Amino acid sequence: MSAAFRIAVEARDIEAMRACLADDVVFRSPVAHKPYPGKPITAAILANVIEVFEDFHYVRELGDDAGHALVFEAKVDGLDITGCDFLVLDDDGLITDFMVMVRPLKAASALAEAMGARFDRIVEQAGQG
């Protein structure tokens, strides 16, 4: 399923990304302390972050039967950012745990600011507002 997720992200296809998520997925943000549980909030976060990232592309994939690490490069507010999506998959190949790590700090801070400005919208899109 990570191949389907990668294709969906690169195509900026929100519905296809959503289809790769398990209902009980947990999203672990690089800029928030607490994890976000559930498909609605995770899908809303992904829908917004693809608008925040500029020139997003995956550059490497590592994986085994339990999960995958997708290394990406992008820009946030004109700053270069490198990150990794760590995906844990269930027996059906759906993403159950989605952890993102990014660097450098200045770009991570720009990402936190951009996503923070969208937080109310994200909660509303997730139907949790």
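The structure under discussion appears in the preceding block.
Worth saying up front: this structure is predicted, and the values here are computed from it rather than measured.

## Describing the pairing of strand 6 (residues 95-103)
Thinking step 1. Alignment of strand 1 (residues 21-28) against strand 6, held across four bridges, turns out to be parallel. Bridging from a neighbouring strand, Leu21 pairs with Ile95 of strand 6.
Thinking step 2. Pairing between strand 5 (residues 79-89) and strand 6: eight bridges, direction antiparallel. Residue pairing in the sheet places Asp85 in a bridge with Val100 of strand 6.
Thinking step 3. Between strand 5 and strand 6, which pair antiparallel and follow one another directly, the connecting turn spans five residues, one of which, Gly93, has a positive phi of 85°.

## Topic: the side chain of Ser29
Thinking step 1. Turning to its location among the elements, Ser29 is positioned in the loop between strand 1 and strand 2 (36-37).
Thinking step 2. Within the structure, the side chain of Ser29 is placed 3.0 Å from the backbone nitrogen of Val31, a separation counted as a polar contact.
Thinking step 3. Looking at Ser29, its side chain comes within polar contact range of the main-chain nitrogen of Ala32, at 3.3 Å.
Thinking step 4. Setting aside its immediate chain neighbours within four residues, Ser29 contacts Tyr36 and Val100.

## Regarding the sheet that holds strand 6
Remark on secondary structure: sheet strands pair via backbone hydrogen bonds, oriented parallel or antiparallel.
Thinking step 1. Strands sit in the order 2-1-6-5-4-3 across an open sheet of six strands; the sheet is mixed. Edge positions in the sheet fall to strand 2 and strand 3 (54-64), since each has one partner strand and no second.
Thinking step 2. In this fold helix 1 (residues 2-10) packs onto strand 3, strand 4 (67-76), strand 5 and strand 6, with an angle of close to 175° to the strand it touches most, strand 3.
Thinking step 3. Each of strand 1, strand 2, strand 3, strand 4 and strand 6 is contacted by helix 3 (residues 39-52), which is oriented at about 60° to strand 1, the strand it contacts most.

## Describing a negative patch on the surface
Thinking step 1. On the surface, Glu54, Asp55, Asp77 and Glu113 cluster together into a patch of negative charge.
Thinking step 2. With respect to the helices, strands and loops of the structure, Glu113 is situated in helix 4 (residues 105-117).
Thinking step 3. For Glu113, a relative accessible area of 64% corresponds to the exposed category.

## Examining the layout of surface pockets
To find the voids left in a structure, one rolls a probe of water-molecule size over its atoms.
Thinking step 1. Size it by volume and the largest pocket reaches roughly 360 Å³.
Thinking step 2. Lining of the largest pocket is provided by 25 residues; of these, Phe27, Pro30, Ile45, Val49 and Met115 occupy positions nearest its centre.
Thinking step 3. Elements represented by at least two residues in the lining of the largest pocket include exactly helix 1, helix 3, strand 3, strand 6, helix 4 and helix 5 (119-125).
Thinking step 4. Class assignment of the residues belonging to the lining of the largest pocket gives a composition of 22 nonpolar, two polar and one charged.

## Here we look at unusual backbone geometry
Thinking step 1. Cis peptide bonds are those with omega within 30 degrees of zero, and the linkage from Arg103 to Pro104 qualifies with -5°.
Thinking step 2. The backbone phi angle of Arg12 is positive, close to 60°, even though this residue is not glycine.
Thinking step 3. By the element assignment, Arg12 lies in the loop between helix 1 and helix 2 (14-19).
Thinking step 4. Taking the relative accessible area as the measure of exposure, Arg12 reaches 46% and is therefore partly exposed.
Thinking step 5. One non-glycine residue, Asp77, lies in positive phi territory at about 50°.
Thinking step 6. Looking at where Asp77 falls in the secondary structure, it is placed in the loop between strand 4 and strand 5.

## A closer look at the pattern of salt bridges
Thinking step 1. Counting across every chain of the model gives seven salt bridges.
Thinking step 2. Between Glu61 and Arg6 there is a salt bridge whose closest N-O contact spans 3.3 Å. Placement of the pair is Glu61 in strand 3 and Arg6 in helix 1, with a sequence separation of 55 residues.
Thinking step 3. Between Glu51 and Arg121 there is a salt bridge; the shortest N-O distance is 2.8 Å. Here Glu51, found in helix 3, pairs with Arg121, found in helix 5; they are 70 residues apart in sequence, far enough to count as distant.
Thinking step 4. Accessibility expressed as a relative area gives 41% for Glu51, which makes it partly exposed.
Thinking step 5. Residue classification places Arg121 among the partly exposed residues on the basis of a relative accessible area of 37%.
Thinking step 6. Connected through salt bridges with shared partners, the residues Arg6, Glu10 and Glu61 form a single ionic network.

Rules behind the numbers
Residues numbered from 1 in each chain as written. Predicted model: local features only at pLDDT ≥ 70, side-chain atom pairs only at ≥ 80, totals over all residues. Heavy atoms only, no water. Pairing = 2+ DSSP bridges. Helix = DSSP H or I, 4+ residues; strand = E, 2+ residues; numbered from the N terminus. Polar contact = N/O pair within 3.5 Å; in protein donor to acceptor, adjacent residues only side chain to side chain. Contact = heavy atoms within 4.5 Å. Axes fitted to C-alpha atoms, helices over the stretch in contact; angles between N-to-C directions. Patch = residues over 30% accessible without salt bridge, like charges linked within 9 Å, V, L, I, M, F, W, Y side chains within 5 Å. Areas by Shrake-Rupley, 256 points an atom, 1.4 Å probe, with all protein chains shown as cover. Salt bridge = Lys/Arg side-chain N within 4 Å of Asp/Glu carboxyl O. Lys, Arg positive; Asp, Glu negative; His and termini not counted. Charge placed at Lys NZ, Arg CZ, Asp CG, Glu CD. Buried < 20%, exposed > 50% of the residue type's maximum accessible area, 1.4 Å probe, protein only. 1 Å grid on protein atoms, 1.4 Å probe; cavity = no way out; pocket = protein on both sides within 12 Å on 5 of 7 lines; lining within 4 Å. Points joined across faces, edges and corners; volume = space filled by probe spheres on them. Nonpolar A, V, L, I, M, F, W, Y, C, P; charged D, E, K, R; others polar.

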